[in-house]
Structures are given as C-alpha cells and as structure tokens.
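One letter stands for each residue in the lines below.
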Amino acid sequence: MEKCEEYGFATRVIHEGQGNNPHGALATPIFMTSTFCFENVEDGMQKFAKEKPGFVYARSGNPTTAALEAKCAAMEGGEAAMATSSGMGAISSVILSLLKMGDHIISGDTLYGGSDFEMHQIPSYGFEVSRIDTTDLACVEAAFRQNTKMLYVETSLNPTMKVNDIKGLAKLAHQHGVIFVVDNTFTPPPMCFPIHLGADVVVHSTTKYLNGHGDIIGGMVVTSAELMVGIRGIGLTKICGCPASPMNSWLVLRGMKTLDLRFRKHCENGMKVAQWLERHPAVSSVFYPGLPSHPQYELAKRQFSEGLFGGMVSFELKKPAQMSRFEATEKVMNSLKLFSIAVSLGDPDSLAEFPAGMTHLVVPVEEREAVGITDGLIRLSCGLEDAKDLCNDLQQALSVI
Ligand code: LCS
C-alpha cells in the first residue's frame, strides 16, 4: 500500500507493511529456515557487509518477521522495527545496546514487575538507575544527572493505571539530550502513538494486544533507522540473541489485521466494567483512566486518541470487618467464573490477577506498597466477551464477601 495518512487506522494496520509475497500470496508465508543460501561467495560477503540487502541467518532477520516489523514500524510512525522473542527481550535489547557501563537511567517507579526487576538488577552490570514517580514532571526534572542517557516509562502504569505525560516527558528528555523509551503495551494504537508525542523508542510486548489471542510470547522495538543499527546489530543479534520465531511473527501479523476491531471492544468492555465497579459498595477505588474520578482524566483525554482508555482496570476492595484485605481479595478472585485467574493481558478471554502476589511479587514489599500495589488490589484484563456477562461475574464474586 502507498503510504497514505488519509486512510483510517483500521485500513492502515491491515495494509501497511504488506510485502510482495512469492506467488502473489496475500498472507505472508511462514519462512521456517535457519539460514539463507548465497548465490556465490561475493553475494554472501556483500550481504554480510550490508552492501546488498538480503537475509543471511535467521537470528538477525527472516522474511516473515521482516513483514511484521514493517507493519509495526508503519503503525507506530517509526522508521524501523525489530521483533523479539518476548517483550523483555525487546526491553533488554534496547537498554543493553544503547547504554554502556556508568550510564544513568531514569525509570518509572511503577512498571511491569519483570521490567521493574530488570531495573533493580542492572546496577550490577554497571548502570546507575533512579526509580522515580515519572507522572510528576518536577520529580523527573530533578532526577537528571550528568551521565543520564535514558528515560524509561510505560504509557499507562502496570498495574496502578496512573498515566505518564508522554509529551511532557519527551520535552524534558530532549532538553537533557536523553533517549526517551516508552513501553506502549497497555495502550497500543489506535489509542496511543508515543513516537508522535515525542518518544525516541517504543517497545511492546506483542504477547498482549498486538497478537491478541493469548497464544504466543513476543516483543517489538520501533525507533529511528539510526538507533536501530545498534539495537539490532548489538542488542538482538549479539547480546540478547532473542529474535521472534517465524511462526510467532506470522501469528502476530494475523492478529494485527483485527487489532482495531478488537482493541475498541476491549476498551468498550474496560469502560463498562470500570463504571460498574465504581458503583459497587464493596469496592473502595477503581483505577481506570477513562473515569472522571481518575486523577489524570484530563491528561488521558488529551493523550489517548478517539476516546479510547484501554481494556485494563484495577480496583481495590474495601476491607470487610470480619476478614483481612488479602482474604477478601483471595475469596473474590477464587469465586470468579468467566475471568480466569491468570497473568498476561490483551487476550479474548478476560483475566484477573493479584499483582502483589503475582506479576509484582519480585518488587520489594515496601516499594510496591508505596506505589499502591497493595493486598487489596485486583487487576482485570477485560476481554472480548459481552460486558454484561463480565459485570454479572464480578457481581456474583463480590457477593461472597
Ligand atoms: N511490558 C509490559 C507493560 C508488560 O505488561 C509485560 C508483560 C512486558 C513488558 C514483558 O513482556 P513479555 O516478555 O511477557 O512478552 N506483562 C505481563 C503481565 O502484566 N502479566 O504477565 C506478563
């Protein structure tokens, strides 16, 4: 497809990046091969030296994966993309290839537990890390040091659903000459386009909404052609060695054809569930950026496109008189019938998880409690079922306390 900004997102995400497939195949074939044969020695040498385009070895590139990368680069508005075997692979490829020993990273104090764990681990590799409240721009401004090289945040925080001001953070990062990396997993297009808001690098766990069917693990990095040289050449290929498999790339390509349709339904269900929970007497707080009660509702309305606020909803139970908050959480979650008790998100099936004991168990207790990841917090990934069935399921589960 010719690049055309006038097409709507649903059209673009289906057609953009669509390559010329062998035999005129409409769907990109799955190229299951480890290596690619050269016409002769000169051809191989030229491809290795990047004097000639072409694939050489599937750790550094594969045609099925390249089609997915082209689609993701076009979708996010970047020049280049790189698919990895997991979201963590994408994050590590970016950090380990763009920074060197002695460099300083400013990171959000609330991130997906695995990312937060990485921020706790990498000082042992010689990086300095400040984990701070990135939703407070003054706090971010105060955190820059002489050796700061990267600002790393999530658009909408996992699992507290606070919202980072991407435009404001991009401005600060660039005033200080720092690379701004945004994890857009919770708020994929058509909801949020961090590169348009000033991000230098966008990462995704494609495990979630981009694939959308809960059957693979994958990651994606989207950035400029210049930054990608190091991220692919060093991060993916040499250090992490974590390419996406052709089979998984094909599944994500297929999933993305329905991203617009699916994501709007996730958002519709997220909004209905959040509004319903807010009226329930057993619930003390609901954290969803689309509710006027959310402290950053105005920012969310400005930053997120087309009135979309996502499919992720967190909520806290009131402490019942006769049991602890943890006991209440456990009872409610164990009573759910449609929501599966499972981590991950963005699947057709609705999921419920307990961040303090699951995704964020690795975060030190005092740190997680300080940011609101308490024994009473439940995180929901609202799937694609009928919203009224999801609310009825929550109703019967909440009636047990
Ligand atoms: N970034 C975010 C915002 C995530 O939520 C996750 C995984 C990752 C990165 C890592 O991606 P992965 O390597 O798993 O593909 N989040 C999970 C979650 O909230 N529950 O289970 C996994």
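Located above this text is the structure these notes cover.
Residues numbered from 1 in each chain as written. Predicted model: local features only at pLDDT ≥ 70, side-chain atom pairs only at ≥ 80, totals over all residues. Heavy atoms only, no water.

Counting secondary structure elements, the protein chain contains 14 helices and 12 strands. Scaling as 2.2 N^0.38, a compact globule of 401 residues should have a C-alpha radius of gyration of about 21 Å, and the protein chain matches this with 21 Å. Along the longest, intermediate and shortest principal axes, the C-alpha atoms of the protein chain span 75 × 50 × 35 Å. When contacts within the protein chain are restricted to residue pairs at least 6 apart in sequence, those whose partners lie at least 24 apart make up 71%. In the form shown here, the protein chain has an accessible surface area of approximately 16,800 Å², with 56% of it arising from carbon and sulfur atoms. Placing the 34 positive and 44 negative side-chain charges of the protein chain at their respective mean positions leaves the two points 2 Å apart. (Helix = DSSP H or I, 4+ residues; strand = E, 2+ residues; numbered from the N terminus. Rg over C-alpha atoms; globule rule 2.2 N^0.38 Å. Contact = heavy atoms within 4.5 Å. Areas by Shrake-Rupley, 256 points an atom, 1.4 Å probe, with all protein chains shown as cover. Lys, Arg positive; Asp, Glu negative; His and termini not counted. Charge placed at Lys NZ, Arg CZ, Asp CG, Glu CD.)

Near the ligand there are 20 residues, and of these Asp-183, Ser-205, Thr-207, Lys-208 and Arg-379 occur at the shortest range. Measuring from an oxygen atom of the ligand, one finds a side-chain N or O atom of Thr-207 at 2.7 Å. With respect to the ligand, the backbone of Ser-344 contributes an N or O atom lying 2.9 Å from a nitrogen atom. Burial of the ligand by the surrounding chains reaches 93%, relative to a free accessible area of 480 Å². Looking at side-chain class alone, the shell around the ligand contains 7 nonpolar, 9 polar and 4 charged residues. (Near = heavy atom within 4 Å. Polar contact = N/O pair within 3.5 Å; in protein donor to acceptor, adjacent residues only side chain to side chain. Nonpolar A, V, L, I, M, F, W, Y, C, P; charged D, E, K, R; others polar.)

As a further point, take the pattern of salt bridges. Evaluation of the coordinates by the stated rule reveals 16 salt bridges. Its salt-bridge partner being Arg-145, residue Glu-128 comes within 2.6 Å of it at the nearest N-O pair. Of this pair, Glu-128 sits in strand β3 (residues 128–132) while Arg-145 is found in the loop between α6 (137–143) and β4 (148–154), placing the two residues 17 residues apart along the sequence. Residue classification places Arg-145 among the partly exposed positions, given a relative accessible area of 42%. Among the ionic pairs, Lys-301 bridges to Glu-298, the shortest N-O distance being 3.5 Å. One end of the pair is Lys-301 and the other is Glu-298, both in helix α11 (residues 297–303) and 3 residues apart, which spans about a single turn. Accessibility expressed as a relative area gives 39% for Lys-301, which makes it partly exposed. The network of salt bridges with shared partners includes Asp-43, Lys-47 and Lys-52. (Salt bridge = Lys/Arg side-chain N within 4 Å of Asp/Glu carboxyl O. Buried < 20%, exposed > 50% of the residue type's maximum accessible area, 1.4 Å probe, protein only.)

Across its 12 residues, helix α4 (residues 87–98) extends 17 Å between first and last C-alpha, which sits within 8% of the 16 Å expected from 1.5 Å per residue. A large share of α4 lies buried, amounting to 9 of its 12 residues. Here α4 has its buried residues at Gly-87, Gly-89, Ala-90, Ile-91, Ser-92, Ser-93, Val-94, Ile-95 and Ser-97. (Expected span 1.5 Å × (residues − 1).)

Glancing now at helix α8 (residues 225–240). The terminal C-alpha atoms of α8 lie 20 Å apart, and with 16 residues this falls more than 12% below the ideal 22 Å at 1.5 Å per residue. For α8, the principal kink sits at Ile-231 and spans about 30 degrees. Those residues of α8 that fall on the buried side of the exposure criterion are Met-228, Gly-230, Ile-231, Gly-235, Leu-236 and Thr-237. Considering only its buried residues, α8 is in contact with β1 (80–84), α4 and β7 (219–223). The first or second residue beyond α8 is Gly-241, which carries a positive phi of 55 degrees. (Bend = angle between axes of the 7 residues up to and from the residue.)

Let us now look at the sheet that holds β1. The 7 strands are arranged β1-β7-β6-β5-β4-β2-β3 in an open sheet whose pairing can be described as mixed. Taken across any chain shown, the strands that pair with only one partner, and hence form the sheet edges, are β1 and β3. Adjacent strand axes in the sheet meet at a mean angle of 20 degrees, parallel and antiparallel pairs treated alike. Bridge analysis of strand β6 (residues 201–205) against β7 gives 4 bridges, and the strand direction is antiparallel. Directly across from Val-202, in β7, lies its bridge partner Val-222. The strands touched by helix α3 (residues 63–76) are β1, β6 and β7; relative to β1, the strand with the most contacts, the crossing angle is about 130 degrees. Contacts from α8 reach β1, β5 (179–183), β6 and β7 within the one sheet, and its direction differs from that of β1 by about 20 degrees. (Pairing = 2+ DSSP bridges. Axes fitted to C-alpha atoms, helices over the stretch in contact; angles between N-to-C directions.)

Another point: the packing of aromatic side chains. With the rule as written, the count across this model stands at 6 aromatic pairs. Ring centres of Tyr-209 and Phe-263 lie 4.9 Å apart, and the angle between their planes is 85 degrees; this geometry places the pair in the edge-to-face category. Remark: Phe-263 occurs in helix α10 (residues 259–278) and Tyr-209 occurs in the loop between β6 and β7; sequence separation between them is 54 residues. Assessed through its relative accessible area of 1%, Tyr-209 is described here as buried. For Phe-263, a relative accessible area of 0% puts it in the buried group. (Phe/Tyr/Trp six-rings, centres within 6.5 Å; stacked < 30°, edge-to-face > 60°.)

Turning our eyes to something else, we now look at a nonpolar patch on the surface. Together, Ile-30, Met-32 and Met-247 make up an exposed nonpolar region whose accessible area comes to about 280 Å². The topology assignment puts Met-32 in the loop between α1 (9–15) and α2 (41–48). (Patch = residues over 30% accessible without salt bridge, like charges linked within 9 Å, V, L, I, M, F, W, Y side chains within 5 Å.)

So, on to the nonpolar core. Residues Leu-151, Phe-180, Leu-277, Phe-315, Leu-380 and Leu-398 are the most contacted members of the largest nonpolar core, which totals 87 residues. Take this core: its biggest share by element is 8 residues, from α10. Setting aside residues up to four positions removed in sequence, Leu-277 forms contacts with Val-283, Val-286, Val-313, Phe-315, Leu-380, Leu-394 and Leu-398. (Core = buried A, V, L, I, M, F, W, Y, C linked by side-chain atoms within 4.5 Å.)

Note that every value here comes from positions in space, so none of it alone points to a role or purpose.
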